[in-house]
Structures are given as C-alpha cells and as structure tokens.
Amino acid sequence: MAGCFETLEKLLPFLYRVRALLLQMTYSLVITNFAAVSDAPLKPSKCYKCGDLDQQLPCEDSNYTLRFDFGQQCQPYCDHLHIEVFENVPLACPDHSPYCMTDIFHRNGSKATVYRRCVNEDTCRSEWYLQTSSKPECTTQFDPNINSDLECHLCCYGDGCNTGYVPPAQTLYTP
C-alpha cells in the first residue's frame, strides 16, 4: 500500500498541471464562444416605415391609422389632444439596417413632420445617441404641440418599436 501513495505523490504535480491546462482551455473556449456570439449580426427589426427623408416626403395621414390619446388631462374638457400617425403593419428591415428610426421635424407654428425608416448602427449612434438623446424635449418631455423649432431622431431596436412619437425607453438604442 505504501507503494501506491508514493506513486500518487509523484503523479500529483503532473495532475495539477493537467488541471491548470484544462481550466485554461475551458476559459479560452468560453471567451472564444462569447466573442463569436457577441459579433453575430442583429436580427433586423420589423419597423413602421413611411415617408422619404431624402426626398423630403413626410408620412401622409391617408395611408396610416390615427391613434388618439387624450391622456389624464381630460377632466371635463380635453384641452390637450395628442394624435399619432403610424403605418398599420411593421415591415422587415434589411440586414444592413436592423434598427428603427422616427425622425420628427417641428418648425415654430407648423405641424410636426414625421418620417419612419430602417437605419444602420452608425446612423443610430450619430443622429439619435449623439445628437438627440440628451434633449428632454425629444424624449421624456416631448410635446407634439411645441411652439418652437425642434428636430428629433429617435432610434430603437425591436419589432414595432417606432410606433408613436417616442419609442419605449427600454427599446432605445444605446452603444
């Protein structure tokens, strides 16, 4: 029996090295698989699409559904009426543009002009995240009846996320 313990004592350094190598291989495998998953392209969203920003042709009411939101301000009278226009069916975006964008242009004293489209990540980052996300008047304090000039680009990810004016906060793009 003493011979077995001596053999085991001689094998222990080897077994520790094998264990360390296995742990290192497992760690490397996990990191490699994580990188492969995180580099996978996003599945394109299905977005509400209308208008043509390049041609300056905004969404038109005749092709879309109107949704009325009287909100909590309708006590006996509705002095704040909120009307949103959106296309009935979200459509699949191309693989190279998996995000949804709602562009809103408001000029003092005029009706807001709205465009809805599919965009790529660079457009999301530059137009939404860098130019618009820090403007509360485009997000948490958005008012379609504002009496000043306003330009908002709201980018989101997820099927139908660009319905209404401001997408749900959890769908808004973050780099």
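This text gives an overview of the structure that appears in the document. (Residues numbered from 1 in each chain as written. Predicted model: local features only at pLDDT ≥ 70, side-chain atom pairs only at ≥ 80, totals over all residues. Heavy atoms only, no water.)

### Comments concerning the state of the cysteines
Next, step 1: All chains considered together, the criterion is met by six disulfides.
Next, step 2: Disulfide pairing places C93 opposite C118 at an S-S distance of 1.9 Å. Handedness here is read from the sign of the S-S torsion; for C93 and C118, about -75 degrees, the answer is left-handed. Remark: C118 occurs in strand β6 (residues 113-119) and C93 occurs in the loop between β4 (91-92) and β5 (99-106); sequence separation between them is 25 residues. Summarising the burial analysis for this pair, C93 and C118 share the class buried.
Next, step 3: There is a disulfide in this structure between C138 and C152, and the S-S distance comes to 2.0 Å. Disulfide C138 to C152: torsion about the S-S bond roughly -80 degrees, handedness left-handed. Taken together, the positions of C138 in the loop between α2 (121-130) and β7 (150-156) and C152 in strand β7 put the pair 14 residues apart, joining distant regions of the chain. Of the two residues, C138 and C152, both sit in the buried class. (Disulfide = S-S within 2.5 Å. Helix = DSSP H or I, 4+ residues; strand = E, 2+ residues; numbered from the N terminus. Buried < 20%, exposed > 50% of the residue type's maximum accessible area, 1.4 Å probe, protein only.)

### Quick look at the pairing of β7
Next, step 1: Among the seven residues that make up β7, six are buried, leaving the element largely enclosed by the rest of the structure.
Next, step 2: Alignment of β5 against β7, held across seven bridges, turns out to be antiparallel. Residue pairing in the sheet places I104 in a bridge with C152 of β7. (Pairing = 2+ DSSP bridges.)

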